[in-house]
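Structural description and commentary
What follows is the residue order along each chain.
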Amino acid sequence: MWGSMFRWLDPYAKPETLYHLCGRLLPYLMGLALFTLLLGNIWGLAFSPADYQQGDSYRIIYIHVPSAIWSMGAYSSMAIAAFIGLVWQIRVAQWAVLAIAPIGAVYTAIALITGAAWGKPMWGTWWVWDARLTSELVLLFLYLGVIALAGAFSEAARGIKVASLLAIVGVVNLPIIHFSVEWWNTLHQGATITKFAKPSIDPSMLWPLLISLLGFALLLAALTCLRLRSQILIFEQHRPWVRQLVDAKGDSSQKEQN
Amino acid sequence: MAFTSWADFWQMGGYALFVWLSFGTTYALLLGLWWYSKRQHHSIQQQIRAKAAREQRVRQHQEREK
């Protein structure tokens, strides 16, 4: 059953097809990401009203919340890719783990840094060992662990396998991050939009936040496309299609991005 | 518009340090990652091209030896 259900995906598991698909999608994803990110952030920075309690410091929300949510979204995608790569031995899924990990690490770092810069004026401290902050820091270490393990073996396939295992095991941290604000008494506030009830935020602030969220998602997709192409080239470098591709690029003097 | 002037905007109601620190590091990190990934993609292609050229030279040399 599973085999036939995902049969339509088969062509995209072929590295060459995926390489060209990513190349075609990349400019659109990057353009849309840049547009939505700037729209959401400028709207939030300059046009949304100030918060009645936090004044203008709350504007950090327009990068803090999207980067934090997608630091977990990126981890889920990476773990799913790791699982597919381990169980079904789909090589492009294994390479996707390597492509996503650094993006997730940067998103997590952004969530932590912006959180500190927001915590200082509101809580009076840059950092506190509270459940939400600590579990997000653990997420950063998981990403760094995946990156380090993937490069720690002389045999690349082995490194990917071990890194994939860590990525899958680390999934237990995701519910801990999400529910940390409910399970423990923490300084961090509860969920504002990622809950089933009506969001506890005014529409004039919610809209730019949703657009910024979309911007970070599109940027994650665009960067994944870019980085996955690099991984495909590395692991397929002995195949004729890659040789032809780089030859054609080297011969033509035109600066076309391929 | 939530601010009355540019100066007002940059001051961020007294939270300028924290707001601009956040947005500054965010965009610096994102731009850095994009630039690094772009450069990496470029250098991988160059390495493959150099490797292919070297193999070509070795092959030509071996044929001449025969």
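Our structure is the block above this text.
Residues numbered from 1 in each chain as written. Chains lettered and ligands numbered in written order. Predicted model: local features only at pLDDT ≥ 70, side-chain atom pairs only at ≥ 80, totals over all residues. Heavy atoms only, no water.

1. Concerning the overall build of chain B
- Tallying secondary structure elements over chain B gives 2 helices and 0 strands in all.
- A compact globule built from 66 residues would reach a C-alpha radius of gyration of about 11 Å, whereas chain B, at 26 Å, exceeds it by more than 25%.
- By its C-alpha atoms, chain B is 80 × 20 × 15 Å across when sized along the principal axes.
- In chain B, which comprises 66 residues, the share counted as buried stands at 26%.
- Total accessible area on chain B stands at roughly 4,700 Å², and carbon and sulfur atoms take up 59% of it.
- If you average the places of the 9 positive and of the 4 negative side-chain charges in chain B, the two averages end up 5 Å apart. (Helix = DSSP H or I, 4+ residues; strand = E, 2+ residues; numbered from the N terminus. Rg over C-alpha atoms; globule rule 2.2 N^0.38 Å. Buried < 20%, exposed > 50% of the residue type's maximum accessible area, 1.4 Å probe, protein only. Areas by Shrake-Rupley, 256 points an atom, 1.4 Å probe, with all protein chains shown as cover. Lys, Arg positive; Asp, Glu negative; His and termini not counted. Charge placed at Lys NZ, Arg CZ, Asp CG, Glu CD.)

2. Quick word on the overall build of chain A
- Check the secondary structure of chain A and you find 10 helices and 0 strands.
- Across chain A, helices and strands are ordered from the amino to the carboxyl terminus as α-α-α-α-α-α-α-α-α-α.
- Expressed along its principal axes, the backbone C-alpha trace of chain A runs to roughly 60 × 40 × 35 Å.
- Burial status across chain A gives 50% buried among its 258 residues.
- Taken as a whole, chain A presents about 12,800 Å² of accessible surface, with 68% of it coming from carbon and sulfur.
- Looking at charge distribution, chain A has the averaged site of its 17 positive side-chain charges lying 5 Å from that of its 13 negative ones.

3. Section: the interface of chain A and chain B
- Counting from both sides, the interface comprises 49 residues of chain A and, opposite them, 32 residues of chain B.
- On the chain A side of the interface with chain B, the three residues burying the most area are Leu45(A), Asp56(A) and Arg243(A), jointly 15% of the side's total.
- Between the two partners, chain A and chain B, sit 1 salt bridge.
- With its nearest N and O atoms 3.0 Å apart, the salt bridge here joins Arg243(A) to Glu55(B). (Contact = heavy atoms within 4.5 Å. Buried area = accessible area lost by both parts, 1.4 Å probe. Salt bridge = Lys/Arg side-chain N within 4 Å of Asp/Glu carboxyl O.)

4. Brief notes about the side chain of Glu236(A)
Residue and element names in this part refer to chain A.
- As for its placement among the helices and strands, glutamate 236 is situated in the loop between α9 (203–235) and α10 (240–251).
- One polar contact links glutamate 236 to tryptophan 241, side chain to side chain, over a distance of 3.1 Å.
- Beyond its immediate sequence surroundings of up to four residues, glutamate 236 is in contact with Pro15, Arg91, Trp95, Trp241 and Val242. (Polar contact = N/O pair within 3.5 Å; in protein donor to acceptor, adjacent residues only side chain to side chain.)

5. So, the packing of aromatic side chains
- Taken as a whole, this structure holds 17 aromatic pairs over all chains when the rule is applied.
- Seen in terms of ring centroids, Phe9(B) and Trp20(B) are 5.5 Å apart; in terms of plane orientation they differ by 70 degrees. Their pairing is edge-to-face. Here the residue Phe9(B) occupies a position in helix α1 (residues 6–11), and Trp20(B) occupies one in helix α2 (residues 16–65), the gap between them amounting to 11 residues.
- Taking NZ or CZ as reference, Arg229(A) lies 4.2 Å from the ring centre of Tyr19(A), over its face. (Phe/Tyr/Trp six-rings, centres within 6.5 Å; stacked < 30°, edge-to-face > 60°. Lys NZ or Arg CZ within 6 Å of the ring centre and 35° of its normal.)

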